[in-house]
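The chain contents come next:
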Amino acid sequence: MGKKLMEIRDLKTYFQTKNALIRAVDGIDLDVEEGQIVCIVGESGSGKSVTSLSIMRLLPGPKGRITSGEVRFEGKDLSKLSEKEMDAVRGDRISMIFQEPMTALNPVMKVGKQIEEVLLRHRKVTKSEAKSKAIETLRFVGVPRAEHIVNEYPHQLSGGMRQRVMIAMAMVCEPRLLIADEPTTALDVTIQIQVLELMKKMRDERKTSIILITHDLGVVAEMADHVVVMYAGQVVESTGADAIFEKPMHPYTQALLASIPSLEEDKEVLYSIPGTVPSAGAFPKGCRFADRCSSAQPSCTEEMPELREVLPEHFVRCALVPNGGAA
Amino acid sequence: MSEMLLEVKGIKKYFPIKSGFLRRTTGHVKAVDGVSFQLKKGETLGIVGESGCGKSTTGRMIMRVLEPTEGSILFEGQDIAKMSPGSLRKLRKDFQMVFQDPYSSLNQKMTVRDLIAEPFRIHNQPLSHSEIDGAVCRLLETVGLRTGDRFRHPHEFSGGQRQRIVIARALALNPKLIVADEAVSALDVSIQSQILNLMVDLKREYNLSYIFISHNLAVVKHISDRVGVMYLGNMVELAPKQGLFAQPLHPYTEALLSAAPEPKRIERRERIILQGDVPSPANPPHGCPFHTRCPKAFDRCAMERPALKEVVPDHQVACFLY
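Residues numbered from 1 in each chain as written. Chains lettered and ligands numbered in written order. Predicted model: local features only at pLDDT ≥ 70, side-chain atom pairs only at ≥ 80, totals over all residues. Heavy atoms only, no water.

Visitor: How would you summarise the overall build of chain B if you had to cite specific residues and measurements?
Guide: Helix and strand content of chain B: 10 helices and 12 strands. Principal-axis analysis of the C-alpha atoms gives chain B an extent of 70 × 55 × 45 Å. Put simply, chain B has 322 residues, and 54% of those count as buried. For chain B, the proportion of contacts with a sequence separation of at least 24, taken over those separated by at least 6, is 63%. For chain B, the exposed area adds up to about 14,200 Å²; of that, 50% sits on carbon and sulfur atoms. The averaged location of the 34 negative side-chain charges in chain B is 4 Å from the averaged location of its 43 positive side-chain charges. (Helix = DSSP H or I, 4+ residues; strand = E, 2+ residues; numbered from the N terminus. Buried < 20%, exposed > 50% of the residue type's maximum accessible area, 1.4 Å probe, protein only. Contact = heavy atoms within 4.5 Å. Areas by Shrake-Rupley, 256 points an atom, 1.4 Å probe, with all protein chains shown as cover. Lys, Arg positive; Asp, Glu negative; His and termini not counted. Charge placed at Lys NZ, Arg CZ, Asp CG, Glu CD.)

Visitor: Give me the pattern of salt bridges: which residues, what numbers.
Guide: Close approach of charged atoms allows side chains of opposite charge to pair. All names here are of chain A. Counted by the stated rule, this structure contains 46 salt bridges over all chains. One salt bridge in this structure joins Glu7 and Arg9, with 3.5 Å as the shortest N-O distance. For Glu7, a relative accessible area of 31% gives the class partly exposed. Taking the shortest distance from any N to any O, the salt bridge between Glu174 and Arg206 comes out at 3.7 Å. Of the two residues, Glu174 sits in the loop between helix H7 (159-171) and strand E7 (177-181) while Arg206 sits in helix H8 (residues 189-206), which places them 32 residues apart along the sequence. Looking at Arg206, the relative accessible area reads 24%, which means it is partly exposed. (Salt bridge = Lys/Arg side-chain N within 4 Å of Asp/Glu carboxyl O.)

Visitor: Tell me about the packing of aromatic side chains, and name the residues and values.
Guide: Residue and element names in this part refer to chain A. A full pass over the atoms with the stated rule returns seven aromatic pairs over all chains. With centroids separated by 5.2 Å and ring planes inclined at 80 degrees, the aromatic side chains of Tyr231 and Phe289 adopt a geometry described as edge-to-face. Placement of Tyr231 in strand E9 (residues 226-231) and of Phe289 in the loop between helix H11 (251-259) and strand E11 (308-311) is noted, with a sequence separation of 58 residues between them. Look at Tyr231 and you get buried, because its relative accessible area is 2%. (Phe/Tyr/Trp six-rings, centres within 6.5 Å; stacked < 30°, edge-to-face > 60°.)

Visitor: Give a detailed account of the domain arrangement of chain A, specifying residues and quantitative values.
Guide: Residue and element names in this part refer to chain A. Split by domain assignment, chain A resolves into domain 1 (4-93 + 175-316) and domain 2 (99-174). Between the C-alpha centres of domain 1 and domain 2 there is a distance of 28 Å. In this assembly, 23 residues from domain 1 lie in contact with 17 residues from domain 2. Across the domain 1 to domain 2 interface the summed buried area is about 1,800 Å²; carbon plus sulfur atoms make up 59%. Sorting the residues of domain 1 by area buried against domain 2 places Pro175, Leu198 and Arg206 first, and these three jointly supply 31% of that buried surface. Taken together, the links from domain 1 to domain 2 amount to two salt bridges. The residue Asp92 makes a salt bridge to Arg123 at a minimum N-O spacing of 3.0 Å. (Domains from an automatic or database assignment. Buried area = accessible area lost by both parts, 1.4 Å probe.)

Visitor: An account of the sheet that holds strand E4 (residues 70-75) of chain B is needed here, citing residue identities and associated values.
Guide: Residue and element names in this part refer to chain B. Overall, antiparallel pairing links the four strands, which are arranged E2-E1-E4-E5 in an open sheet. Each of the sheet's edge strands pairs with one partner strand only, and the pair in question is strand E2 (24-40) and strand E5 (78-79). Where strand E1 (residues 4-19) meets E4, five bridges bridge the pair, whose relative direction is antiparallel. When the sheet's bridge partners are listed, Glu7 is paired in E4 with Leu74. Lying on the sheet, helix H1 (residues 55-62) is in contact with E1, E2 and E4; it crosses E1 at an angle near 115 degrees. (Pairing = 2+ DSSP bridges. Axes fitted to C-alpha atoms, helices over the stretch in contact; angles between N-to-C directions.)

Visitor: I'd like to hear about the packing of helix H3 (residues 112-122) of chain B against helix H5 (residues 159-171) of chain B, residue by residue, with values.
Guide: Residue and element names in this part refer to chain B. Their axes nearest at 7 Å, the elements H3 and H5 cross at an angle of 30 degrees. Relative to H5, the element H3 lies roughly parallel. For the pair H3 and H5, the sense of crossing is right-handed. Here Val112, Leu115, Ile116 and Pro119 of H3 lie close against H5, whose contacting residues are Ile165, Ala168 and Arg169. (Parallel < 35°, antiparallel > 145°, perpendicular 65-115°, else oblique. Left-handed = near helix turned anticlockwise from the far one by under 90°.)

Visitor: Would you mind going over the environment of Met56 of chain A in detail, with residue names and values included?
Guide: Residues and elements named next belong to chain A. Positionally, Met56 belongs in helix H1 (residues 48-56). Remark: the alpha-carbon pair of Met56 and Met171, spanning 115 residues in sequence, is separated by 15 Å. With sequence-adjacent residues up to four places away left out, Met56 is seen in contact with Met86, Arg90, Ile94, Ser95, Met96 and Ile179.

Visitor: Give a description of H7 of chain A that names residues and reports values.
Guide: Residue and element names in this part refer to chain A. Helix length check: H7, at 13 residues, gives a terminal C-alpha distance of 18 Å against a target of 18 Å (1.5 Å per residue), a fit within 8%. Burial in H7 covers these residues: Gly160, Met161, Arg162, Gln163, Arg164, Val165, Met166, Ile167, Ala168, Met169, Ala170 and Met171. The inward-facing, buried residues of H7 abut strand E6 (94-97), helix H3 (101-104), helix H4 (111-122), helix H5 (127-140), E7 and H8. (Expected span 1.5 Å × (residues − 1).)

Visitor: How would you sum up the sheet that holds strand E4 (residues 64-73) of chain A? Please name residues and give values.
Guide: Residue and element names in this part refer to chain A. The antiparallel open sheet is built from four strands, whose spatial order is E2-E1-E4-E5. In this open sheet, the two strands that pair with only one neighbour each are strand E2 (21-33) and strand E5 (76-77). In this structure, strand E1 (residues 4-16) lies alongside E2, joined through nine bridges in antiparallel fashion. Across the sheet, Ile8 pairs through a bridge with Leu30, a residue of E2. Packed on one face of the sheet, H1 meets E1, E2 and E4 and runs near 110 degrees to E1.

As structure tokens, then:
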């Protein structure tokens, strides 16, 4: 087992709206080891993006805030840092890439400048050093003619190229952790695979740890060392990537896997999970998946199950899964 | 051999590029550049391809939302590509479309009842108020919504439920063909499977034919009988789904299939990673549209464009390798 880079304990991020308290992230635990790729999967509203924004402290305040819990990274609790201390972490030790590169890049600034900006902010470098580092980084992420591309604007690049520029920006300071929120969702499959391969290269050659947030189980299977499945603001299952696909234990994970069509096998009828995700303003008292779960018992709606280690390194939040697995 | 519903022959759509002070046409975006296929009654044809390949434009031309630049579209023997708006209007109830985004396809100010009843009104169906109400309730039940929901507004429903409303509206006039353009792409996986299952059930029940346009290979494989692969405005391969997925012939199809991540932890066959991006349809490469990225390209590919031809029974491919 590798050295722990980040430990999140009982993180709760709530949003106060006029009418309700939205418990977007409701007590999650997450560990990231050095050089590890951790995938957070879940459907819309499961809290996966809010988790990443909480780590980066990019929540839209004052409505949204970390209510409790800690995010330990390199010996510090990120949730308690001052805004100034956090600025030194963002973009340098931890950086982030988003789904839509067009909205994340500044449309009126040359891409080279945008990459140099990160370096000038965090490192004592001259402008010309920053520029050559920007070109070098663009080459690493596989941008052809990097010395010309630095002088172009985002709209002159294709979607795949823009995402590469985003990644170059994120890694120019060689962060220890990269948080990628649906980085390939807007890309075509042949471009998606190029970007995924690039992220693997970052991990392999620079030992960067990656938290990859996605709804696509195909991407998870491709990338993950460790998988965290989220549902309605909670972690429902957390284990190694092989175990998630070979012996998923939580009924939600099982249902999710059964409901996606596959290229390799023919499914006559897809499993479909009835109903919809409960709204974050009104979670039920018991298990949040109970009303959609095919194996739910009356007791499931009464009491919230704990996230338990049922097998070594395999955590499941379901009262019906016995210790030792095999439900 | 069952009856032919739709025959598309060599359709093209060129969008003019206008520039300069006088807005002169300085070039064309060749969105669809000569696509032909057939659809039998009760069949589902999947069309896959990446963004900009012309799959949506093809779907829109079949609906005659877009006017084809060239080519013919025979719907039950009648050419709708050249039909006058008046006669087309009568035919329109036979083909309906379902779009990707159920948020923008439903008028937020109308109730579900009015939305689903609108087709009856537009097509001047002589129905009484209570007959329409009955029809709306039946349609809601068919797509798995509660009849009591008919007085609510679209914003009160989730994405999956809205897509059900869109499907109910498309079914209102008993269409023969439904063109579904990325109909499940905006939905979460658990909702996606609900809608896919619904579409499969409805097809049987109403004897529908589908043209199912998507970028998601696994979804297309699941729902289709035959699949066409498009690249840069051209149909590069067209075959029954078993043949296409088990033994793709076109190098592009092969690369596309190998790039799609599978939700499984198994060692996969060697992956083909294409270099570069799709060329711009405003300036497509000469010869085979794929030759600039094709790992198997040779001299001839840059010179002339391969035609779609049958190389295995029912399996058509546009490639000089065959």
